[in-house]
Amino acid sequence: MSNGDSRYAGMPGDRAAAYDESNGAENSNEERTSRLQHIVSRRRVMQGVAMAGGMSVLGFPSASGTAAAIQSGRLADAQQRREDTRDDLLDEFTGDIGHDSNDDEDVVVGSQSPVRPYAYTKAVAGSDGGFVDESQYDVFVSAIESETWTAITKENERPLVSPNSSFEFGTEGVDPWVGTMPPAPAYDSDRTKAELVDLYWMALVRDEYLEDLRIYIDSYDLGDRDDDLDQFNDTESLFRRYNLGSSNAFEGQFHHPGGSVIGPPVSQFLLADVDVGAMTSTPEIRYFSETDYGTSSSEWEEIVTGVRGGAEPGPGQTPPENDGNLSVDDPESGETRFIHTGRDLAAFTRGDPSYEPYMRAALYLLNRGAPLDPALAYVDDDDIFPYIDHGAVAVLDLVARVARNALQAAWHHKWAVHRRLRPETYAQRVEYYDGAGSPAELTGIEATNAYSELQSISEYEDSYLPLAFPEGSPAHPAYPSGHSTLGGACVTVLKALFENESLSSIDGPYHDVTDEGERVTTFPQAMTVHWELNKLLQNIGLGRCWAGVHFRTDHVYGALLGEQIAIATLLDHFEYNNNETNTQGSSEDERLTFSPLVDDEFDSSDMYGSNDWQVAVSFDTLETLRTQARNEPI
């Protein structure tokens, strides 16, 4: 497909080749740098505004002599810092912002009425039975790639969520286009098939007590899940990292080197009360009843064509009316409990406002006196209390600030690169083509235990994926998960700012939840700050999988993308805004460090601490994370 935008020619591979061919570009290397040249010029404009008119712009009176020299020197220093940021965080990656897609959207089926069955088409105009014809889809993509937002029309009442943000610029850290991801697994790959079967299993057990899913494996036929996944050749690479077998099947990939499966399945940050000034926030949720959606052809078509409104907070959305099954839509019902099932995690993530879970974690740690990283300036100073740039204000500010940076990066990949279809649509394609190999090899899914189990449930129609939300997935592409990208960024910031202390050294109490959703006091066991943060990321990211709205790779690679954006934001903040917090020291106590989600690309010389597996917040680390995320098969 033609890209239609010179900035987009910075993408290598098939998309860049298509651009060069259709536009006759003579020098693709020159085109590759246009995006970052545009960014650099924007920052230079900002610098010019800051300097224009000298001190008067900032309200300084006319001055002479020493005072004028001091004031002028301040502004010169400010300009130099902004230029250093541009040079290091932007010029470092000039010409290196290419991303490849899996080309699923190029598959066309049918000669009389051709469609693109494996592209993202939810709520897109021109839908007929959940399929959008080829020409209408091409108009939709052309509107995105040319940034002609007025040319995008929706099929029904549900608006598409922020496609314009895929081309927005950032003014700190790296540009949103710099974060890396591999292509999403292709629709006919063993990995995607395995991921759909994994979602079938999550739907089948989403109302079970999470602790029981760890212990009573045979009671839930989770051994059959292992057999199902063994049918697909790519399962070993997808689930290999931490041997995601029966006993920890639904707790995520980021366990190494030892933490997020220790303690209760739900993070302490989702169970503990948090003080917000003089208020106390208790994390009970208005939970969902045990009702699934999208399991009939008529209901599924309402969902994918946008008849049912969305649940994103803010104006312009009209969530489905309460049908008696969603207590979340009835705040006065009094029906609340603590999170203890997969459906509860799904309920929490349906409309959670952006970074709220991670702000809770930050307040929890600050209120309980969790030690900050010793490399932060003045942390151990007896005379200066680190409040604004190196203390509580910086913690809360960075958690909020990195959230938007991360979502900009995620939205670029969603709309401008991958446009991966949602699980609800992929499952319908399996049913529509009946695993017959037309138009592609989808065989194998119908032979699994999970598929058979779903067919045995009378209210389900064959292989339609049971969804936890009446509106199904949001109206934006699947890859990556926005929740997971944001979460990967926020927990990375928190892991860099707080030491990986044992929870037993921090004021409690500590909690678990019964199978009735009642909170009880427990012991902190071997839980640590960083591993509980990882668990929080897993709870939120996999909560979207429990809902049936994301594939597991949407979660995993979203988290790794967010981690990159966080490191760039931290470098921008500490390397250039002030020179007091150390990112260049030679020991763990002398430089800012964090524990990465995946450490395969780091060797022992990169690590600090015998047990913590910390790496430095540095440019080298950022490049390692970019390489790892682009190349690592998880």
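This text follows the structure it describes.
Predicted model, so just to flag it, every value in this text is computed and none were measured.

Draft legend 1. Quick peek at the overall build of the protein chain. On a plain count of helices and strands, the protein chain comes out with 19 helices and 10 strands. For the protein chain, the residues scored as buried account for 57% of the 634 residues in total. Considering only contacts within the protein chain whose residues lie at least 6 apart along the sequence, 77% involve residues at least 24 apart. Of the roughly 23800 Å² of accessible surface on the protein chain, 45% is carried by carbon and sulfur atoms.

Draft legend 2. Expanded view of the environment of Glu299. Within the fold, Glu299 resides in helix α10 (residues 297-304). The exposure class of Glu299 is buried, given its relative accessible area of 18%. Distance in space between the C-alpha atoms of Glu299 and Pro470 is 9.0 Å, their sequence separation being 171 residues. Leaving out residues up to four positions away in the same chain, Glu299 has contacts with Tyr293, Gly294 and Arg308.

Draft legend 3. Representation of a negative patch on the surface within the structure. Taken together, the side chains of Asp380, Asp381, Asp382 and Asp383 make up a negatively charged region of the molecular surface. In this structure, Asp381 sits in the loop between α12 (356-367) and α13 (392-418).

Draft legend 4. Local environment of the nonpolar core. Counting residues in hydrophobic clusters, the biggest one holds 129 residues, and the most contacted among them are Tyr200, Phe250, Tyr358, Tyr426, Ile445, Phe498 and Trp546. For this core, the element with the highest residue contribution is helix α18 (residues 552-576), accounting for 13 residues. The contacts of Tyr426, once residues within four sequence positions are left out, are Tyr187, Thr192, Lys193, Leu196, Leu421, Leu442, Ile445 and Phe551. Residues Tyr120, Tyr137, Ala143 and Trp415 belong to the second largest nonpolar core, which totals 21 residues.

Draft legend 5. Layout of the packing of helix α6 (residues 190-204) against α18. At their nearest, the axes of α6 and α18 sit 9 Å apart, and the two run at 105 degrees to each other. As far as their axial angle goes, α18 and α6 are roughly perpendicular. From α6, Arg191, Glu195 and Asp198 reach across to α18, where they touch Arg552, Thr553 and Tyr557. The residue inventory of the contact of α6 with α18, partitioned by class, reads 1 nonpolar, 1 polar and 4 charged.

Draft legend 6. Focus on the environment of Ser101. Looking at the element boundaries, Ser101 is found in the loop between α4 (65-90) and β1 (127-128). Overall, Ser101 belongs to the buried group, its relative accessible area being 13%. Within the structure, Ser101 has its side chain in polar contact with the side chain of Asp103 (distance 3.3 Å).

Draft legend 7. Representation of the pairing of strand β8 (residues 519-522). Alignment of strand β7 (residues 510-513) against β8, held across 4 bridges, turns out to be antiparallel. The partner of His511 across the bridge, within β8, is Thr521.

Draft legend 8. Region of the structure containing unusual backbone geometry. A cis amide bond links Tyr479 to the next residue, Pro480, at an omega of 0 degrees. Its location among the elements puts Pro480 in the loop between α15 (449-455) and α16 (482-497). Phi is positive for Glu147, close to 60 degrees, though the residue is something other than glycine. Locating Glu147 in the fold gives a position in the loop between α5 (134-145) and α6. A positive phi angle, close to 45 degrees, is found at Arg419, a residue other than glycine. Tracing the backbone through its elements, the reader meets Arg419 in the loop between α13 and α14 (423-433). Owing to a relative accessible area of 1%, Arg419 belongs among the buried residues under this scheme.

Draft legend 9. How the structure looks around the packing of helix α17 (residues 529-546) against α18. Where α17 meets α18, the axes come as close as 9 Å, and the angle between the chain directions of the two elements is 150 degrees. The chirality of how α17 crosses α18 is right-handed. Here α17 contributes Leu537, Gln538, Gly541, Leu542 and Cys545 to the contact with α18, which in turn contributes Arg552, His555 and Ala559. The class makeup of the residues in the contact of α17 with α18 is 4 nonpolar, 3 polar and 1 charged.

Draft legend 10. Structural context of α13. If you check α13, its first and last C-alpha atoms are 38 Å apart, about what 27 residues at 1.5 Å a residue would give, namely 39 Å. Just downstream of α13 lies Arg419, where phi reads positive at about 45 degrees.

Draft legend 11. Structural view of the pattern of salt bridges. If you walk through the whole model with that rule in mind, you get 20 salt bridges. Of the charged contacts, one joins Arg519 and Asp273 as a salt bridge, the two residues approaching to 2.9 Å between their closest N and O atoms. Placement of the pair is Arg519 in strand β8 and Asp273 in the loop between α9 (235-239) and β3 (274-276), with a sequence separation of 246 residues. Overall, Arg519 belongs to the partly exposed group, its relative accessible area being 25%. The shortest N-O distance in the salt bridge between Asp292 and Arg343 comes to 3.0 Å. Here Asp292, found in the loop between β5 (285-286) and α10, pairs with Arg343, found in helix α11 (residues 342-350); they are 51 residues apart in sequence, far enough to count as distant. Neither residue differs from the other here; Asp292 and Arg343 are each classed as buried. Through salt bridges with shared partners, a single network forms among Arg206, Asp207, Asp292 and Arg343.

About the thresholds
- Residues numbered from 1 in each chain as written.
- Predicted model: local features only at pLDDT ≥ 70, side-chain atom pairs only at ≥ 80, totals over all residues.
- Heavy atoms only, no water.
- Helix = DSSP H or I, 4+ residues; strand = E, 2+ residues; numbered from the N terminus.
- Buried < 20%, exposed > 50% of the residue type's maximum accessible area, 1.4 Å probe, protein only.
- Contact = heavy atoms within 4.5 Å.
- Areas by Shrake-Rupley, 256 points an atom, 1.4 Å probe, with all protein chains shown as cover.
- Patch = residues over 30% accessible without salt bridge, like charges linked within 9 Å, V, L, I, M, F, W, Y side chains within 5 Å.
- Salt bridge = Lys/Arg side-chain N within 4 Å of Asp/Glu carboxyl O.
- Lys, Arg positive; Asp, Glu negative; His and termini not counted.
- Charge placed at Lys NZ, Arg CZ, Asp CG, Glu CD.
- Core = buried A, V, L, I, M, F, W, Y, C linked by side-chain atoms within 4.5 Å.
- Axes fitted to C-alpha atoms, helices over the stretch in contact; angles between N-to-C directions.
- Parallel < 35°, antiparallel > 145°, perpendicular 65-115°, else oblique.
- Nonpolar A, V, L, I, M, F, W, Y, C, P; charged D, E, K, R; others polar.
- Polar contact = N/O pair within 3.5 Å; in protein donor to acceptor, adjacent residues only side chain to side chain.
- Pairing = 2+ DSSP bridges.
- Left-handed = near helix turned anticlockwise from the far one by under 90°.
- Expected span 1.5 Å × (residues − 1).

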